Amino acid sequence: MNACIRDHATIDGAAPRSVQRRDAHGVHNLRDDIACEVPVALHYNDSPFAVLMATPCDLADLALGFSLSEALIADAGELRIDAVDESVDGICIRMRIPDARHPALANRQRNLPGYGGCGVCGSADIDAVLRAPPCVTVVTRIDGASLHRALAALHERQPLNAATGATHAAGFADRDGQLLLVREDVGRHNALDKLIGAMASAGIVAGNGFAIVTSRASYELAVKAAQVGIPMLAAISAPTTLAIALAESANLCLIGFARNGHCAVYAHPQRLVPAR
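Residues numbered from 1 in each chain as written. Predicted model: local features only at pLDDT ≥ 70, side-chain atom pairs only at ≥ 80, totals over all residues. Heavy atoms only, no water.

An unreviewed UniProt entry lists the chain under the name Sulfur carrier protein FdhD, with Thermomonas carbonis given as the organism. The Sequence similarities (unreviewed entry) field of the UniProt record for the chain holds the comment "Belongs to the FdhD family." According to its UniProt record, the chain has this under Subcellular location (unreviewed entry): "Cytoplasm". (UniProt positions renumbered as here; feature names shortened; annotations may be inferred.)

Laid out in structure tokens, this is it:
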């Protein structure tokens, strides 16, 4: 048996674990980088609101992006992060928002766990899930070449996934396809929330470009994008029927199967200009 242990630095958001690899050449004991997944509790104004299963990096971006995409606040200035407490059980982010936002908290109350693969698990009733975001007001037209330029760049901007093979990424590009920001997480909706939070912190205007995600285009991704005014969302995999319906009504251009120079436009196709 080969008992070698790989010696390398572990990337943020991953943890080293022992693994026994087996192949035609024998059994090898190695150290592998594994994506971290921990419960992250979100508390607003001293009250628990939601628990997400998330990768514990870029937590300030996650807190801000979640607050914006869930319509709990109107802008970044309404959120204050008081503390990020870590324990053996997980992480608790303690935040404060204006008292005038209490009705939004009550309407969106989600105290059950939200698992990494699902952004709406834990909602108490259907009305809490199927909320209608405001219509996207900026009609941004993107050249197909810009879309695929951003997708190609995204492949090189996922260090956590390159190390672990277990995370999703969300990126925001300008109209020319220059990738401005990327965030990663084990949950596709967490990755998008982290991106939204990072955009707000950086002062990037959502209407000035488009978002790309390395997952399917599910309902919660469409509603989060529309909520913050992102005019186009492109996914490398398929959309769902509910995501398409939401995109049509919210004036969101929704794209699926965006990879290898091809894509399928499911809502508002006039906004994606064919590449020359």
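Having seen it, we continue.
S.K.: Just to check I follow, could you spell out the side chain of Asp-61 for this structure?
M.R.: Considering the arrangement of structural elements, one finds Asp-61 in helix H1 (residues 59-69). Accessibility expressed as a relative area gives 11% for Asp-61, which makes it buried. A distance of 2.8 Å separates polar atoms of two side chains, one belonging to Asp-61 and the other to Arg-183. Once residues lying within four places of it in the same chain are set aside, the contact partners of Asp-61 are Arg-183, Asp-193, Lys-194, Gly-197, Ala-198 and Ser-201. (Helix = DSSP H or I, 4+ residues; strand = E, 2+ residues; numbered from the N terminus. Buried < 20%, exposed > 50% of the residue type's maximum accessible area, 1.4 Å probe, protein only. Polar contact = N/O pair within 3.5 Å; in protein donor to acceptor, adjacent residues only side chain to side chain. Contact = heavy atoms within 4.5 Å.)

S.K.: Would you explain the packing of helix H7 (residues 219-227) against helix H8 (residues 241-250) in this entry?
M.R.: The geometry of a pair of packed helices is captured by two quantities: the angle between their axes and the separation between those axes. One way to put it is that H7 packs onto H8 with a least axis distance of 8 Å and a crossing angle of 20 degrees. Taken together, the axes of H7 and H8 are roughly parallel relative to one another. The handedness of the crossing between H7 and H8 is right-handed. On H8, the residues touching Tyr-219, Ala-222, Val-223 and Ala-226 of H7 are Leu-242, Ala-243, Leu-246 and Ala-250. (Axes fitted to C-alpha atoms, helices over the stretch in contact; angles between N-to-C directions. Parallel < 35°, antiparallel > 145°, perpendicular 65-115°, else oblique. Left-handed = near helix turned anticlockwise from the far one by under 90°.)

S.K.: For this particular structure, what's the right way to read the pairing of strand S6 (residues 90-96)?
M.R.: Residues in a regular strand project their side chains so that they alternate between the two faces of the sheet. Across the seven residues that make up S6, a large majority, five, are buried. Two strands pair when backbone bridges link them, and strand S3 (residues 38-44) and S6 are joined in this way by five bridges, in the parallel orientation. Residue pairing across strands places Leu-42 opposite Ile-93, the latter belonging to S6. Strand direction decides the pairing type here: strand S5 (residues 80-87) and S6, joined by seven bridges, are antiparallel. Bridge pairing in S6 places Asp-85 opposite Cys-92. A loop of two residues connects S5 with S6, the two strands running antiparallel in sequence. (Pairing = 2+ DSSP bridges.)

S.K.: I would appreciate a short explanation of the side chain of Arg-271 in the present structure.
M.R.: Topologically, Arg-271 is positioned in the loop between strand S14 (262-267) and strand S15 (272-273). Of the side chains bearing the opposite charge, Glu-248 lies closest to the buried Arg-271, which forms no salt bridge; the N-O distance is 8.5 Å. A polar contact is formed between the side chain of Arg-271 and the backbone oxygen of Asn-251, at a distance of 3.1 Å. (Lys, Arg positive; Asp, Glu negative; His and termini not counted. Salt bridge = Lys/Arg side-chain N within 4 Å of Asp/Glu carboxyl O.)

S.K.: Before we go on, may I ask you to explain the packing of aromatic side chains in this structure?
M.R.: Each aromatic ring pair is described using two quantities: the centre-to-centre distance and the angle formed by the ring planes. This structure, assessed with the given rule, holds two aromatic pairs. Ring plane angle 90 degrees and centroid distance 5.5 Å describe the contact between Tyr-44 and Phe-49, whose orientation is recorded as edge-to-face. Ring centres of Phe-49 and Phe-66 lie 6.2 Å apart, and the angle between their planes is 75 degrees; on these two criteria the pair is classed as edge-to-face. With Phe-49 in strand S4 (residues 47-54) and Phe-66 in helix H1, this pair connects stretches of sequence that are 17 residues apart. In this structure, Phe-49 and Phe-66 share a single accessibility class: buried. (Phe/Tyr/Trp six-rings, centres within 6.5 Å; stacked < 30°, edge-to-face > 60°.)

S.K.: Is there a simple way to think about the pattern of salt bridges in this case?
M.R.: It is possible for side chains of opposite charge to pair when their charged atoms get near one another. On inspection of all chains with the given rule, the structure shows twelve salt bridges. For Arg-101, the salt bridge identified is with Glu-78, shortest N-O distance 3.0 Å. Note that Arg-101 is positioned in the loop between S6 and helix H2 (102-107) and Glu-78 in the loop between H1 and S5, a separation of 23 residues in sequence. Through salt bridges with shared partners, a single ionic network connects Asp-46, Arg-80, Asp-82 and Arg-96.

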